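An overview of the molecular structure
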Amino acid sequence: MRYVKIYNEKMQEFLERLKNYGKLYAPVKISDKFYDRKEIDDVKKISFDCLRTIMPAKKFFIPPYEELFEIDIENADYKEKIEETEPFVLFGLHACEIVALRILDGVYLDEFPDIYYANRRKAGIIIGLSCLPDEYCFCNLTRTDFVDIGFELFLHELPDGYLIRVGSPKGHKIVDENPDLFSEVKKEDIDAFKMFEEKRQKLFKYYGSFDNIRYILELTMKDKIWDEEAEKCLGCGNCTMTCPTCRCYDVQDIPDIDGKHAKRIRFWDSCQFRSHGLVAGGHNFRPTKKDRFLNRYICKNAYFYPLGTSYCVGCGNCTYFCPANINFLENLIEIRRGINA
Ligand code: SF4
Ligand code: SF4
């Protein structure tokens, strides 16, 4: 892998120049508690200390709402609405969110690629950024706290700048085209990088392995904890909307008022909604709140075999944004009582 360094005094210029590669999106503070990834005009507004955004990076690749087809009802014809996506730069993705995008790739770019998603993925330039965990993070347990692929550049904080790992041909291009911004990595930078990594590991609240959690979940589905926790759940779906790997969507055909045309739309759905498991004839595969609540735990902790990780990347979003204060990790720890607490 290629490594370069950028000094703090060149960061502002670096961010400005990223705009040459596409619209720049980065985290900005939108309230006391929340951040969102917005299009950046003034690079000084970028928040480097943002751990999680209110909408995960998936929104750039699977928008919450999109039109797929225009339908001509009279002539029984349709046209796919596939538009060329302009290049765009996503700055400040942490390791867990980059792994999350790779999980989405596995789902959307399989044997039958989703062309809408594929176009956006091709257009997206990913610039990763190191982070220090808060009490909600557990990416160390899901083994997604470090990422080796899926970014163009990954910036690791140093006392006087950033050590940059170059992860793709597009990343090499950015470095090659802006040689005045980058310097060689020195021994003291490597030492600082190692110290940062060590400090980061020490800040995690829990240690251990979650590899067998899927089976423990299956074996404890009758535990009373699920009745108690599901009782608190409001069924609002915040946990799935803010989850970087949740990808359920619904598709509807909406006719125009003239009855001659229609459009097919796709929009985010949530397994926490009662309608999610509802099928023709009125049967519901998950009729109770507890069924839906447990489904999320089982689904997120299932293995994603191509990457050898679970579908949960340990970002803590579902807990942070839950209005009922339901703690996803604490519930998992509770059913694995004694593992490391
Ligand atoms: S965010 Fe919390 S309250 Fe809302 S559906 Fe998820 S677990 Fe239930
Ligand atoms: S289940 Fe929760 S902690 Fe895991 S990836 Fe989704 S939002 Fe993050």
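Residues numbered from 1 in each chain as written. Chains lettered and ligands numbered in written order. Predicted model: local features only at pLDDT ≥ 70, side-chain atom pairs only at ≥ 80, totals over all residues.

**Structural notes on the overall build of the protein**
- Broken down by element type, the protein carries 11 helices and 13 strands.
- Against the 2.2 N^0.38 benchmark of 20 Å for 341 residues, the protein shows a C-alpha radius of gyration of 22 Å, consistent with a compact globule.
- Each principal axis of the C-alpha distribution contributes one length, and for the protein these read about 65 × 60 × 40 Å.
- By residue count, 32% of the 341 residues in the protein fall in the buried class.
- At a minimum sequence separation of 6, the contacts of the protein that also span at least 24 residues come to 72%. (Helix = DSSP H or I, 4+ residues; strand = E, 2+ residues; numbered from the N terminus. Rg over C-alpha atoms; globule rule 2.2 N^0.38 Å. Buried ≥ 20, exposed ≤ 12 C-beta atoms within 10 Å, placed from the backbone. Contact = placed C-beta atoms within 7 Å.)

**Remarks on the domain arrangement of the protein**
- Under the domain assignment, the protein is made up of domain 1 (2-203) and domain 2 (213-335).
- Between domain 1 and domain 2, the residue contacts involve 34 residues of the former and 32 residues of the latter.
- At the level of elements, strand S4 (65-72) and helix H2 (95-108) are the ones that each hand at least two residues to the side of domain 1 that touches domain 2.
- The element that contributes the greatest number of residues to the side of domain 1 that touches domain 2 is H2, accounting for 9 residues.
- Each residue belonging to the side of domain 1 that touches domain 2 can be placed in one class, and the counts come to 21 nonpolar, 3 polar and 10 charged. (Domains from an automatic or database assignment. Nonpolar A, V, L, I, M, F, W, Y, C, P; charged D, E, K, R; others polar.)

**Some remarks on the site of ligand 1**
- Close contacts around ligand 1 come from Cys233, Leu234, Gly235, Cys236, Gly237, Asn238, Cys239, Gln272, Cys322, Pro323, Ala324 and Ile326, and that covers them all.
- Its residues assigned to classes, the shell around ligand 1 comprises 8 nonpolar, 4 polar and no charged. (Near = placed C-beta within 6 Å.)

**Observations regarding the packing of helix H7 (residues 224-232) against helix H9 (residues 289-300)**
- One can describe the packing of H7 onto H9 by two numbers: an axis separation of 9 Å at closest approach and a directional angle of 105 degrees. Taken together, the axis directions place H7 and H9 in an arrangement best described as roughly perpendicular. Residues Trp226, Asp227, Glu229 and Ala230 of H7 form the contact with H9, whose own contacting residues are Lys289, Lys290, Phe293 and Leu294.
- The residue inventory of the contact of H7 with H9, partitioned by class, reads 4 nonpolar, no polar and 4 charged. (Axes fitted to C-alpha atoms, helices over the stretch in contact; angles between N-to-C directions. Parallel < 35°, antiparallel > 145°, perpendicular 65-115°, else oblique.)

**Describing the site of ligand 2**
- The environment of ligand 2 is made up of Cys243, Pro244, Thr245, Lys300, Cys312, Val313, Gly314, Cys315, Gly316, Asn317, Cys318 and Phe328.
- Split into classes, the residues belonging to the shell around ligand 2 amount to 7 nonpolar, 4 polar and 1 charged.

**Focus: helix H11 (residues 328-335)**
- Taken as a whole, H11 has its buried residues at Phe328, Leu329, Leu332 and Ile333. When H11 is viewed along its axis, its buried side chains cluster within an angular range of 130 degrees and face the same direction. (Arc of directions from axis to C-beta.)

**Structural notes on the pairing of S4**
- Pairing between S4 and strand S11 (residues 261-268): 7 bridges, direction antiparallel. Each bridged residue has a counterpart across the sheet, and for Glu70 the counterpart in S11 is Lys263.
- Pairing geometry for S4 and strand S5 (residues 77-80), over 4 bridges, is antiparallel. Pairing of Glu70 across the sheet is with Lys79, part of S5.
- Counting the residues between successive antiparallel strands, the hairpin from S4 to S5 contains 4 residues, one of them, Ala76, with a positive phi of roughly 45 degrees. (Pairing = 2+ DSSP bridges.)

**Structural notes on H9**
- For H9, built from 12 residues, the straight-helix expectation of 16 Å at 1.5 Å per residue is met to within 8% by its first-to-last C-alpha distance of 17 Å.
- Looking at the buried positions of H9, the neighbouring elements they touch are helix H6 (213-219), H7, helix H8 (238-241) and strand S13 (309-310). (Expected span 1.5 Å × (residues − 1).)

**With respect to unusual backbone geometry**
- Look at Ala76: it is not a glycine, yet its phi comes out positive at around 45 degrees.
- As for its position among the elements, Ala76 is in the loop between S4 and S5.
- Phi at Asn325 is positive, roughly 55 degrees, even though this residue is not glycine.
- Mapped onto the secondary structure, Asn325 falls in the loop between helix H10 (317-320) and H11.

**Re the nonpolar core**
- Core analysis: the biggest nonpolar cluster contains 62 residues, and Leu90, Phe91 and Ile127 have the highest contact counts within it.
- Considering every element that reaches this core, the biggest residue donor is H2, with 9 residues.
- Residue contributions to this core reach at least three from each of two domains, namely domain 1 (2-203) and domain 2 (213-335).
- Residues in contact with Ile127, not counting those within four places in the same chain, are Val89, Leu90, Phe91, Gly92, Phe151, Glu152, Leu153 and Leu155. (Core = buried A, V, L, I, M, F, W, Y, C linked by C-beta atoms within 7 Å.)

**Topic: the environment of Cys96**
- Mapped onto the elements, Cys96 comes out in helix H2.
- Along the sequence, Cys96 and Cys137 sit 41 residues apart, while their C-alpha atoms lie 9.6 Å from each other.
- Excluding residues that lie within four positions of it along the chain, Cys96 makes contacts with Cys139, Thr144, Val313, Gly314 and Cys315.

**Thoughts on the sheet that holds strand S8 (residues 153-158)**
- Strands sit in the order S1-S9-S8-S7-S6-S2-S3 across an open sheet of 7 strands; the sheet is mixed. Each edge of the open sheet carries a strand with a single partner, namely strand S1 (2-7) and strand S3 (35-39). Between one strand axis and the next, the sheet turns through 25 degrees on average, direction left out of account.
- Relative to S3, strand S2 (residues 23-29) runs antiparallel, the two sharing 5 bridges.

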